[in-house]
Amino acid sequence: MILILAFVGIMILTGGHALGQTQKNPPADLTEMSLEDLMKIEVDTVFGASKYQQKVTEAPASVSIVTADEIQKYGYRTLADVLRSVRGFYISYDRNYSYVGVRGFGRPGDYNSRILLLVDGHRLNDAIYDGALIGSEFPIDVDLIERVEIIRGPSSSLYGTSAFFGVVNVITKRGKDLKAPEVSTEVGSYGTYKGRVSYGERFKNGLDMLFSTSYLNSHGPSRLFFKEFDDPSTHNGIAQDVDSDQSKSLFANFSFGDFRLQGVYGTREKGIPTASFATVFNDPRNRSTDAWGYLDLQYEHIFAHQWEVTARLSYDHYSYDGTYIYDSAGTGVPPFVENLDLAHAQWWGFEANVAKTFSEKHRITLGSEIRDNVQQDQNNHDLQPFAQYLDDRRDSSNWAVYVQDEFRIRKDLILNAGLRYDRYSTFGGDLNPRLALIYNPLQKTTVKLLYGRAFRAPNFYELFYQSYPDFKSSPFLKPETISTAELVLEQYLNKSIRFAASGFYSRIGDLINQQTDPADGMIQFRNVDRVNAKGVEFELEGRWTNGLQGRVGYTLQDSVSQQSGETLSNSPKHLSKVNFIVPLARKKLFAGIEGQYTSRRRSVEGTDIGGFFVTNVTLFGQKLAKGLDVSVGVYNLFDKRYADPGAEEHIQQAIEQDGRNLRLKLTYRF
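Values in this document were obtained by computation on a predicted structure and should not be read as measured data. (Residues numbered from 1 in each chain as written. Predicted model: local features only at pLDDT ≥ 70, side-chain atom pairs only at ≥ 80, totals over all residues. Heavy atoms only, no water.)

Next up on the list: the overall build of the protein. Helix and strand content of the protein: eight helices and 38 strands. Its C-alpha atoms give the protein a radius of gyration of 25 Å, within 12% of the compact-globule value 26 Å for 670 residues. The dimensions of the protein, computed from C-alpha atoms along their principal axes, are 80 × 55 × 55 Å. When each of the 670 residues of the protein is scored for burial, the buried share is 58%. (Helix = DSSP H or I, 4+ residues; strand = E, 2+ residues; numbered from the N terminus. Rg over C-alpha atoms; globule rule 2.2 N^0.38 Å. Buried < 20%, exposed > 50% of the residue type's maximum accessible area, 1.4 Å probe, protein only.)

Shown next as structure tokens:
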């Protein structure tokens, strides 16, 4: 609360004056500004909302942008750190994966399948879990991110499945953004070390090239206490040296003329300290390994008469190898049984769209996608003695066609309408529309009335996974759907300050959820529920030419199960964010300060998990010596003790998170 009040105070005291440091006699508000000054107001642009570059004030969605500059100055270490900083988003961590929640909806056990994650427009949700990896398992170093577009609301009319609550489009840097070799190294709490080597250049012949590789090794907290295992037979609840994290990644991007070729490979091995899925507690062999790679060839060209054509051909590979240790005999005495849980997938994709503006009023986009999942295998077996529980080998395909029209009815009024049909070999077809009416009644006032419907296809993990002793398959699941109506107001108060407010209402049908079958005690996915969610959001954002910038966001929401009449689990009613960057020495030294409040949440079992406010502070020195940047970050500054909800596979109702921790990072450009 102190941080929020401080930020609002800065807004009031500096609004108009900070900008005035570079202008003579700046006007206090829009009514006093000349048309020339009004035209100088910078408005962010977004690509992912409509598959072409447009102002956020003309996009058919509520949009947030996080830039590379903010990633540096706030000291973000992962994509999860970026997402938890924007209004309406929150992150849960079960000490294996990071899970994103949006506007009060973050189902325990969901591998982020209700958010579509794109990297430069390439779909990153995999072909088994439809999951989006956002923690240390995200295969791209955050230092390579130019900007992150967060597009709220259903977008299946453009992207199909998983664009359920929103789309996150990660835009990577190009060689021209580096122009030289670059190395980075960092050291942090819990025995964490990281290194990166990058090289980028744009040559005179037009070839733009960026190549980068990164390595992370973290020992993790040496001792984690879980009261659920507080017994001498389970090491008194202390998980010791079993929370390690190792990841490696490669990134390459080549652009020449109308073509761009991008390749990504990443792998992460993580120790699992929570004894999830009823495994043996404090056994260091419990771990998961995720590996992801893709090649993406894109072509863009503007032909005669302004026909814009984009085509993309891609190949993806994803694998998950989990090792879980079970006390099958129930004696508590080794040797225990080593169980392997495997998922391997490969798929090809092709998409193309053509766009043209007619009569200066209609920008029409026609597109099509096809995806061939040539491998979607899941396997589960014990090593010794050998026992096979699952050997499911499948393939599938889906295709889609879509159309979108941005109709400029008047200079101050836009109608954006889209429709997409998806056809799946597993369950059939689904049709999803989106309508947006965007009105500018005043020079810098935007009102958006939005409606969209989206679907999420049941993934192969939900449909066909089963394992001993606690999980069974659900082959008859149907797609779940969401319909959302939203009213957005965006107002630029002057050249430095922007205000935004939203009110939203969503209805979710055929919600797929983990449940424990009372007949046999096994976990299973079912279409069990309908959910109504409603809420409001407010955001005040300011940027000044002296380097001071920041934003305050607040979300109030209520997501209720129509089956039980109760608030959903892992659904905070209140979310508050405050972020500001303070220049301590002009263009040299900055302080990035952020506070994040998450109100109490219900666990899967219905118990309350307390709310918390976490403060992070980063000092960022830019070009302190020739080519040298230095960053010192303190995360959870006040050492707040807090916890995130567990899922059905956890004995723990709440999983404690890290206390105060540090990071020192050095980056050098040659």
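So, on to the pairing of strand β6 (residues 115-119). Counting buried residues in β6 gives five out of five residues, a clear majority hidden from the surface. Both faces of β6 are covered, namely the face carrying I115, L117 and V119 and the face carrying L116 and L118. In terms of strand pairing, β6 meets strand β9 (residues 166-172) through five bridges, oriented parallel. Residue pairing in the sheet places L116 in a bridge with V167 of β9. Here β6 folds back onto strand β7 (residues 122-123) in antiparallel fashion, the turn holding two residues, of which D120 has a positive phi close to 50 degrees. (Pairing = 2+ DSSP bridges.)

The linkage connecting P334 with the following residue, P335, adopts the cis geometry, with an omega of 5 degrees. Take P335: it is sitting in the loop between β18 (307-326) and β19 (337-358). In this structure, the amide linkage connecting Q384 to the following residue, P385, adopts the cis form with an omega of 0 degrees. Mapped onto the secondary structure, P385 falls in the loop between β20 (362-382) and β21 (387-392).

Moving on, we get to the side chain of T279. Considering the arrangement of structural elements, one finds T279 in the loop between β16 (259-271) and β17 (287-303). Among the polar contacts made by the side chain of T279, one reaches the main-chain carbonyl oxygen of S276 at a distance of 2.9 Å. Once you skip the residues sitting within four places of it in the chain, T279 turns out to touch N286, Y324, I325 and Y326. (Polar contact = N/O pair within 3.5 Å; in protein donor to acceptor, adjacent residues only side chain to side chain. Contact = heavy atoms within 4.5 Å.)

Moving on, we get to the pattern of salt bridges. In total, this model carries 58 salt bridges according to the counting rule given. Between R103 and E486 there is a salt bridge, with the nearest N and O atoms lying 2.8 Å from each other. Residue R103 is found in the loop between β5 (98-102) and β6, and its partner E486 is found in strand β26 (residues 480-492); the two are separated by 383 residues along the sequence. When its relative accessible area of 9% is taken as the criterion, R103 is described as buried. A relative accessible area of 4% places E486 in the buried class. The residue D517 makes a salt bridge to R526 at a minimum N-O spacing of 3.2 Å. With relative accessibility at 11%, the residue D517 sits in the buried group. (Salt bridge = Lys/Arg side-chain N within 4 Å of Asp/Glu carboxyl O.)

To continue, consider the environment of H362. The topology assignment puts H362 in strand β20. Once you skip the residues sitting within four places of it in the chain, H362 turns out to touch K356, T357, D405, E406 and F407. Polar side-chain contacts of H362 include one of 2.8 Å to the side chain of D405.

Another point: the sheet that holds strand β3 (residues 63-67). Strand pairing in a sheet is mediated by backbone hydrogen bonds. Such pairs are either parallel or antiparallel. The sheet built from five strands is open, its strands ordered β3-β8-β9-β6-β7 with mixed pairing. Both edges of this open sheet fall to β3 and β7, since each of them pairs with a single strand only.

What follows is about the pairing of strand β10 (residues 181-188). In this structure, β10 lies alongside strand β11 (residues 192-202), joined through eight bridges in antiparallel fashion. When the sheet's bridge partners are listed, S184 is paired in β11 with R196. Where β10 meets strand β38 (residues 661-669), seven bridges bridge the pair, whose relative direction is antiparallel. Paired with E182 across the two strands is R669, which belongs to β38.

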